[in-house]
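Tertiary structure, described
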Amino acid sequence: MSDLKLQHLEKIYDNNVQAVFDFNLDVHDGELIVLVGPSGCGKSTTLRMVAGLEDISNGRLIIDGRDVTQVPPKDRDIAMVFQNYALYGHMTIYENMAFSLMLRKENKNEIHQKVMAAAEILDLTSQLNKKPAQLSGGQRQRVAMGRAIVRTPKVFLFDEPLSNLDAKLRSSTRREILLLHKRLNATMLYVTHDQTEALTLADRIVCMSMGHVQQIGTPLELYDTPANLFVAGFIGLPPMNLFDVEIRNGQAVCEDFTIQLTEKERDLLAGYEGKIVTMGVRPENAVPGGDITVDVISNENLGQNTLVNGTVGKHKITCKFRDWCSYKYGDKVSVSFNKKHFFDKETTNAIRA
């Protein structure tokens, strides 16, 4: 496989609408990078520029040390898996997987070996004589992946490949993609709006918003140390609870509660005395016992965990408790925050030491 470099990539359409701004990323050999963000954030446009399906307005694209910015898609040695499978309905599964190799006029024996090897990896051997309409959505997506595998490309591109599958199939196919990555040691660029896919699949995540890269890092880095309010609110399910608080005499003062800051937090926020900052608390960091009273609205049992949705005064809050709980509407629960994040109110960037 190969490395991939995206250097100052930008996409500007003819009507002067800019979809991607100054995108920079080095994808290492064998790395699985996930581009995640809401619809319209520029992630699929970025992928399509790598694939050659969109022209690059500015910047350079380098694959395995070769500048392919102006190279036609067919000569970039990439393979793309689409969300709608893009299979030929009149062909068998075998023919679908072999088609690109036949266009290259490769040796029939080599084609057969490559198709059979990919079919075995993806558990499709028994389906090779069927037509796509005879397969389930998950099987058809595996065929699309098999069609990419047989080409042995330098880079695999995935454009929301699981979005057409139901929840159970998404989970199982996600595991298959992860296993496929490990078995092939393949360089992969994967686009999704689903943060669960991003957190479970990625070696590193690129979180995007409005055409801009917000943060690049490991799943744990984005979850534990979000760079700004957007990343904090987008990564994590349920999302982070956010409160505007005033820093005053070693306390975070909200209209509905006051909490004592730790010594480390006081040092971190020393320059914000008398100012309003945004405090973030992940649901699992709102733990039972403390001085903050939550008025329960709903109780969602999830097996080993319970989501308790409620309010603290005028503020909505979601708590994720480890135990099975049976709270009812109107109950009151006392909580404390065992970990907090702080963000500059004006810049929305995380406040760091």
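Residues numbered from 1 in each chain as written. Predicted model: local features only at pLDDT ≥ 70, side-chain atom pairs only at ≥ 80, totals over all residues. Heavy atoms only, no water.

**Some thoughts on the domain arrangement of the protein**
- Its domain assignment divides the protein into domain 1 (4-234) and domain 2 (241-344).
- Relative placement of domain 1 and domain 2: their C-alpha centres are 38 Å apart.
- Opposite the seven residues of domain 1 that make contact, domain 2 presents seven residues.
- Both faces combined, the contact of domain 1 with domain 2 buries some 660 Å², and carbon together with sulfur accounts for 54% of it.
- Across the contact surface, domain 1 and domain 2 share one salt bridge.
- Here Lys339 makes a salt bridge to Asp224, at a shortest N to O gap of 3.4 Å.
- For the interface between domain 1 and domain 2, the tally reads three residue pairs in polar contact (both at pLDDT 80 or more).
- Counting residues per element, the ones that place at least two in the side of domain 1 that touches domain 2 are helix H7 (219-224) and helix H8 (229-234). (Domains from an automatic or database assignment. Contact = heavy atoms within 4.5 Å. Buried area = accessible area lost by both parts, 1.4 Å probe. Salt bridge = Lys/Arg side-chain N within 4 Å of Asp/Glu carboxyl O. Polar contact = N/O pair within 3.5 Å; in protein donor to acceptor, adjacent residues only side chain to side chain. Helix = DSSP H or I, 4+ residues; strand = E, 2+ residues; numbered from the N terminus.)

**Focus on helix H2 (residues 93-103)**
- Within H2, burial applies to Ile93, Asn96, Met97, Ala98, Ser100 and Leu101.
- Here the buried face of H2 lies against helix H3 (108-121) and helix H4 (137-149). (Buried < 20%, exposed > 50% of the residue type's maximum accessible area, 1.4 Å probe, protein only.)

**Side note on unusual backbone geometry**
- With omega at 0°, the peptide bond leading from Leu237 into Pro238 counts as cis.
- Within the secondary structure, Pro238 sits in the loop between H8 and strand S11 (241-248).
- The backbone of Asp22 sits at a positive phi, close to 40°, despite the residue not being glycine.
- For Asp22, the position within the fold is in strand S2 (residues 18-27).
- Located in the positive-phi region is Thr152, a residue other than glycine, with phi close to 45°.

**Some points on the sheet that holds strand S6 (residues 78-81)**
- Spatial ordering of the open sheet is given by S6-S7-S8-S3-S9-S10, a layout of six strands whose pairing is mixed. Of all the strands in the sheet, the pair left with one neighbour each is S6 and strand S10 (212-217). Geometrically, the sheet is characterised by an average inter-axis angle of 20° between neighbouring strands, direction not taken into account.
- Along the sheet, H4 makes contact with S6 and strand S7 (155-159), crossing S6 at roughly 175°. (Pairing = 2+ DSSP bridges. Axes fitted to C-alpha atoms, helices over the stretch in contact; angles between N-to-C directions.)

**Topic: the pattern of salt bridges**
- On inspection of all chains with the given rule, the structure shows 16 salt bridges.
- Notably, a salt bridge pairs Asp67 with Arg60, separated by 3.1 Å at the nearest N-O pair.
- Under the relative-accessibility criterion, Asp67 is labelled partly exposed at 35%.
- In this structure, the salt-bridge partner of Arg142 is Glu176, at a minimum N-O distance of 3.5 Å. Of this pair, Arg142 sits in helix H4 while Glu176 sits in helix H5 (residues 167-184), and the two are 34 residues apart along the sequence.
- One salt-bridge network, held together by shared partners, links Lys11, Arg48 and Glu54.

**Thoughts on the nonpolar core**
- By size, the foremost hydrophobic cluster in this structure holds 43 residues, and its most contacted members are Met97 and Tyr190.
- No other element matches the five residues that H4 contributes to this core.
- Not counting the four nearest positions on each side in its chain, Met97 is found in contact with Val115, Ala118, Ala119, Leu124, Leu128, Val143, Gly146, Arg147 and Val150. (Core = buried A, V, L, I, M, F, W, Y, C linked by side-chain atoms within 4.5 Å.)

**Here's the deal with the pairing of S10**
- The pairing of strand S9 (residues 204-209) with S10 spans five bridges and is classified as antiparallel. Bridging from a neighbouring strand, Cys207 pairs with Gln215 of S10.
- Between S9 and the antiparallel strand that follows it, S10, lie two residues; Met210 among them carries a positive phi value of about 55°.

**Section: helix H1 (residues 43-51)**
- H1 sits mainly inside the fold: seven of its nine residues count as buried.
- Three or more residues of H1 are buried, namely Lys43, Thr45, Thr46, Leu47, Met49, Val50 and Ala51.
- Gly52 sits one or two residues past H1 and shows a positive phi near 90°.

**Quick look at the sheet that holds strand S16 (residues 306-312)**
- Pairing within the open sheet is antiparallel, and its four strands lie in the order S17-S16-S15-S18. The open sheet has two edge strands, strand S17 (315-321) and strand S18 (332-337), and neither has a second partner. The mean inter-strand angle of the sheet, taken between neighbouring strand axes irrespective of direction, is 50°.
- Two strands pair when backbone bridges link them, and S16 and S17 are joined in this way by seven bridges, in the antiparallel orientation.

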